[in-house]
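Chain residues, written in single-letter form:
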Amino acid sequence: MYGVIGQSGAGKSSLIRCVNLLERPTSGTVTVAGQDLTALAGRGPRAGKELRAARSRIGMVFQHFNLLSSRTVQANIELPLEILGLSGKERSRKALELLDLVGLSDKAKVYPAQLSGGQKQRVGIARALAGEPKVLLSDEATSALDPETTRSILELLRDLNRQLGLTVLLITHEMEVVKTVCDSAALMQRGRIVESGTVNELLATPGSQLASALFPVSGEATGADRTVVDVTFHGEAATQPVISQLSRTYNIDISILGAAMDTVAGKQVGRMRIELPGRFEENVVPIGFLREQGLQVDVAGDAPASIPAQDAPATAAALVKEGAK
Ligand SMILES: Nc1ncnc2c1ncn2[C@@H]1O[C@H](COP(=O)(O)OP(=O)(O)OP(=O)(O)O)[C@@H](O)[C@H]1O
Ligand SMILES: [Mg+2]
């Protein structure tokens, strides 16, 4: 489960359209499940046989479902199977099997207009699975749904990911979606991927914008001559003794500005924002002490090296704010 996040216009949809070659990149290659798609002939509707076959192995689900209103649910799912040339009997068997997989066995004969948004998206997912894809592309598939329905669709995608070994490339502007289901994530800005990795790697990367957006802690510095430090710890690691040791060893008063525990990518993660007296230069040694204890330490105002300062949003919220429509 791979999440792609970024502001509106960052290039997320363009990226996903390149993955199934709906958009052919002017340079570079697109490799899906080991196959270089850019080496295959044809464009758009005139795509060659090989490219069409490769594409049928890449399913796609859409924000607005894109179901045909004049066809029943079953007939919508059968559509890609018709294109693949399956017989009527085989199509019907396969469609009913897929409906069962997405939990809609009883809706085969109804029309899309009679379904809720969540049910429509289940049909969209069943249709996307018709070609037995290795990869499922999802462009804002849950952004037209309420939070509870979103959760049930994400659970379905997660189940399919595990049951079928299906890779899901999920575009979203909701951090919550990444947090709930993604194993890995990438952040796009102005047409480029500026951060990527497993969620755990990101959380362990000092200055990661994705990490602080995935797991924000709040709390403002209480004065100018103070150093604000975010300490991240995983699992059972307890910060409490470390913080008091720090205080005793260096004889400094430490204020806790904010703290939170959360489950990110299925793992317990904690974050604490603390304030040390004095400027950063005066706190190099205590900060080194915290790092030596195996804690991840981010100093506020320490710009990450990999992202040019003018591209870095001021807050984590700004990262996704514009994406929210
Ligand atoms: N077919 C196209 N030809 C040229 N430019 C395009 C095309 N499609 C999109 N763009 C431009 O590419 C940029 C990225 O657009 P894209 O739709 O990929 O963004 P996005 O991250 O999906 O945004 P959103 O969150 O609003 O869906 C935008 O500046 C857009 O205007
Ligand atoms: Mg888009």
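Look a little higher up for the structure.
Thresholds, definitions, all that
Residues numbered from 1 in each chain as written. Chains lettered and ligands numbered in written order. Predicted model: local features only at pLDDT ≥ 70, side-chain atom pairs only at ≥ 80, totals over all residues. Heavy atoms only, no water. Helix = DSSP H or I, 4+ residues; strand = E, 2+ residues; numbered from the N terminus. Buried < 20%, exposed > 50% of the residue type's maximum accessible area, 1.4 Å probe, protein only. Contact = heavy atoms within 4.5 Å. Areas by Shrake-Rupley, 256 points an atom, 1.4 Å probe, with all protein chains shown as cover. Axes fitted to C-alpha atoms, helices over the stretch in contact; angles between N-to-C directions. Parallel < 35°, antiparallel > 145°, perpendicular 65-115°, else oblique. Left-handed = near helix turned anticlockwise from the far one by under 90°. Salt bridge = Lys/Arg side-chain N within 4 Å of Asp/Glu carboxyl O. Pairing = 2+ DSSP bridges. 1 Å grid on protein atoms, 1.4 Å probe; cavity = no way out; pocket = protein on both sides within 12 Å on 5 of 7 lines; lining within 4 Å. Points joined across faces, edges and corners; volume = space filled by probe spheres on them. Nonpolar A, V, L, I, M, F, W, Y, C, P; charged D, E, K, R; others polar.

Scanning the protein from terminus to terminus reveals 12 helices and 12 strands. Here the protein holds 325 residues, and 46% of them are scored as buried. The contacts of the protein with a sequence gap of at least 6 include a subset with a gap of at least 24, amounting to 69%. For the protein, the accessible area works out to roughly 16,300 Å², and carbon and sulfur atoms hold 50% of it.

This next bit is on the packing of helix H3 (residues 73–83) against helix H5 (residues 117–128). The geometry of H3 relative to H5 is characterised by a closest axis approach of 8 Å and an angle of 30 degrees between their N-to-C directions. Put simply, H3 runs roughly parallel to H5. Note on packing geometry: the crossing formed by H3 with H5 is right-handed. Contacts from Val73, Asn76, Ile77 and Pro80 of H3 reach H5 at Val123, Ala126 and Arg127.

For the coordinates displayed, the defined rule picks out nine salt bridges. Between Asp183 and Arg158 there is a salt bridge; the shortest N-O distance is 3.1 Å. You can see Asp183 sitting in the loop between helix H7 (175–181) and strand E7 (184–189) and its partner Arg158 sitting in helix H6 (residues 147–164), a full 25 residues away along the chain. Among the salt bridges present, the one from Asp230 reaches Arg273, with a minimum N-O distance of 2.7 Å. Remark: Arg273 occurs in strand E11 (residues 267–277) and Asp230 occurs in strand E9 (residues 226–234); sequence separation between them is 43 residues. You'll find Asp230 and Arg273 in the same group, each marked buried.

Turning our eyes to something else, we now look at the sheet that holds strand E12 (residues 296–299). Pairing is antiparallel in the open sheet, where four strands are placed in the order E10-E11-E9-E12. At either end of the open sheet lies a strand with only one pairing partner, and these are strand E10 (255–264) and E12. Shown here is a sheet whose adjacent strand axes are inclined to one another by a mean of 20 degrees, direction ignored. Where E10 lies against E11, nine bridges are found, and the strand directions are antiparallel.

With that out of the way, let us pick up empty space enclosed by the protein. Following the criterion strictly, the structure yields one cavity of 30 Å³ or more and no others. In this structure, the largest cavity encloses a volume near 40 Å³. If you go around the largest cavity, the residues you meet are Ser138, Glu140, Ala141, Thr142, Leu154, Leu157, Leu170, Ile171, Thr172 and Val177. When residues of the lining of the largest cavity are traced back to their parent elements, those giving at least two are H6 and strand E6 (167–171). Considering only residue class, the lining of the largest cavity consists of six nonpolar, three polar and one charged.

Next up on the list: the packing of H5 against H6. In contact at an axis separation of 10 Å, H5 and H6 are set at 20 degrees when each is read in the N-to-C sense. Here H5 is positioned roughly parallel relative to H6, judged by the angle of their axes. The two elements H5 and H6 meet at a crossing, and its hand is right-handed. Listed contacts from H6 to Gly118, Gln121, Arg122 and Ile125 of H5 are Thr149, Ser152, Ile153, Leu156, Leu157 and Leu160. The residue makeup of the contact of H5 with H6, split by class, is five nonpolar, four polar and one charged.

Fair warning: the whole summary comes from geometry, so function is off the table for now.
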